[in-house]
There are 2 protein chains.
Amino acid sequence: MLRLSKMSDYAAVVMAHIARYPEQAHAAAELSEAVGVPRPTVSKTLKMLMHAGLLQSRRGAQGGYRLTRTPIEISVSEIIEAIEGPVAMTECSQAEGECGLAATCGVADNWQRVSMAIRQFLDSVTLADLAQKTPIKMPVMLPIQSVSLASISDA
Amino acid sequence: MLRLSKMSDYAAVVMAHIARYPEQAHAAAELSEAVGVPRPTVSKTLKMLMHAGLLQSRRGAQGGYRLTRTPIEISVSEIIEAIEGPVAMTECSQAEGECGLAATCGVADNWQRVSMAIRQFLDSVTLADLAQKTPIKMPVMLPIQSVSLASISDA
DNA sequence: ACATTGAGGACCATTCTAGTCCCCATTAAA
DNA sequence: TTTAATGGGGACTAGAATGGTCCTCAATGT
């Protein structure tokens, strides 16, 4: 896993499409066609993105959706969260305590750290990155073992 | 999302438990109790981990499960994959082409790169990291924008 | 007025998930 | 050699999540 639902996938594609023409208002029908996803489904996605505050809408003729911020100011994690709720790998890494297993598992702490790292990474990728034609570059991902223990002190 | 199924969660906890006493054989019943998860469910998890080659089993009295490798040699991504199959964020980032939307989406490439980065990160976290009591340190996660474009050249 | 376009929410079908159970094979120990 | 412990394999089920559809109402530009 680390699977992303299809809806999130659509969301990313739709957002990227809008990001390429940020000035225009994009109607659901237009986006549906551009992206090749049935209208009602795109609509649903758009509504979710709107509720999350990533899009603003205007009804009526010439209406449609626009970004509320510039593509650089929107992170991939925000898009994902708009659709799926808080990004976390496991139950215990999102809810406070009450994991049930917490006492016995002895992994919670480290699990949460892993989750956090991924989360931070996703924060750093922007919609602009996604939308651009030339492939984005991967961030430097140092193997966890090679990190000097002092670099991020907690423990 | 980036949600991990409960099964994967169990798997991680169980593996960590075994990793703390690598010499002994651990019976399903023992693990079930240690971890607080019903026996049949733990069993199922163990079977999956075995099929993936992360555990070896011995039947009969005094039997049970052991690691096939040392905790340092087992990565978190392997554990996850043992349960959920290939780790990938989206359909198109795992299957070759034929995403259907590929033509229109224009995001596939970048999406795959994001997925790859996470994947690599998960590769770098080991079972030993998970199992240790003192919290593991986070790897350095440079914001994607700050990475010099030359550092990983493709495009 | 009227055509366009989104809002809101009900609804359904299918898949996935978690979890259970049963019976057989293997192995150690009594 | 019998017995008890232990995993192997797989079928099965209930419930939830997912993806997707549809309908009616509200807003807004022409």
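Preceding this section is the structure that the text describes.
Keep in mind that this is a model prediction, so the values were computed, not measured.

Describing the packing of helix α1 (residues 6–20) of chain B against helix α4 (residues 76–84) of chain B
All names here are of chain B. Taken N-terminus to C-terminus, the directions of α1 and α4 make an angle of 135°; their axes are 9 Å apart at the nearest point. The orientation of α1 with respect to α4, classified from their angle, is oblique. Crossing handedness for the pair α1 and α4: right-handed. Taking contact as the criterion, the partners of M7, S8, A11, A12 and M15 in α1 are, on α4, I79, I80, I83 and E84. Residue composition of the contact of α1 with α4, grouped by class: seven nonpolar, one polar and one charged.

Quick look at the environment of I80 of chain A
Here I80 of chain A shows up in helix α4 (residues 76–84). In this structure the C-alpha to C-alpha distance between I80 of chain A and S115 of chain A, which are 35 residues apart in sequence, comes to 15 Å.

Let's talk about the packing of α1 of chain B against helix α3 (residues 39–51) of chain B
Residues and elements named next belong to chain B. Where α1 meets α3, the axes come as close as 10 Å, and the angle between the chain directions of the two elements is 80°. Classified by the angle between their axes, α1 and α3 sit roughly perpendicular to one another. For the pair formed by α1 and α3, the contact residues are M7, Y10, A11, V14 and M15 on the first element and T41, K44, T45, L46, M48 and L49 on the second. Looking at the contact of α1 with α3 residue by residue, the classes come out as eight nonpolar, two polar and one charged.

Considerations on the protein's contact with DNA strand D
In the neighbourhood of DNA strand D, 30 residues make up the surrounding shell, with K6 and K44 of chain A together with K47, R59 and Y65 of chain B lying closest. Of everything in DNA strand D that lies within 4 Å of the protein, sugar and phosphate atoms constitute 70%. Within the side chain of R59 of chain A, an N or O atom sits 3.1 Å from a sugar or linking oxygen of DNA strand D. Contact between DNA strand D and K47 of chain B: a base nitrogen at 2.8 Å from a side-chain N or O atom of the residue. Looking at the surface near DNA strand D, the elements that each hand over two or more residues are α1 (6–20) and α3 (39–51) of chain A together with α3, β1 (55–58) and β2 (64–67) of chain B. If one sorts the elements of the surface near DNA strand D by residue count, α3 of chain B sits on top with four residues. A class-by-class count of the residues in the surface near DNA strand D yields 10 nonpolar, 11 polar and nine charged.

Conventions used here
- Residues numbered from 1 in each chain as written.
- Chains lettered and ligands numbered in written order.
- Predicted model: local features only at pLDDT ≥ 70, side-chain atom pairs only at ≥ 80, totals over all residues.
- Heavy atoms only, no water.
- Axes fitted to C-alpha atoms, helices over the stretch in contact; angles between N-to-C directions.
- Helix = DSSP H or I, 4+ residues; strand = E, 2+ residues; numbered from the N terminus.
- Parallel < 35°, antiparallel > 145°, perpendicular 65-115°, else oblique.
- Left-handed = near helix turned anticlockwise from the far one by under 90°.
- Contact = heavy atoms within 4.5 Å.
- Nonpolar A, V, L, I, M, F, W, Y, C, P; charged D, E, K, R; others polar.
- Near = heavy atom within 4 Å.
- Polar contact = N/O pair within 3.5 Å; in protein donor to acceptor, adjacent residues only side chain to side chain.

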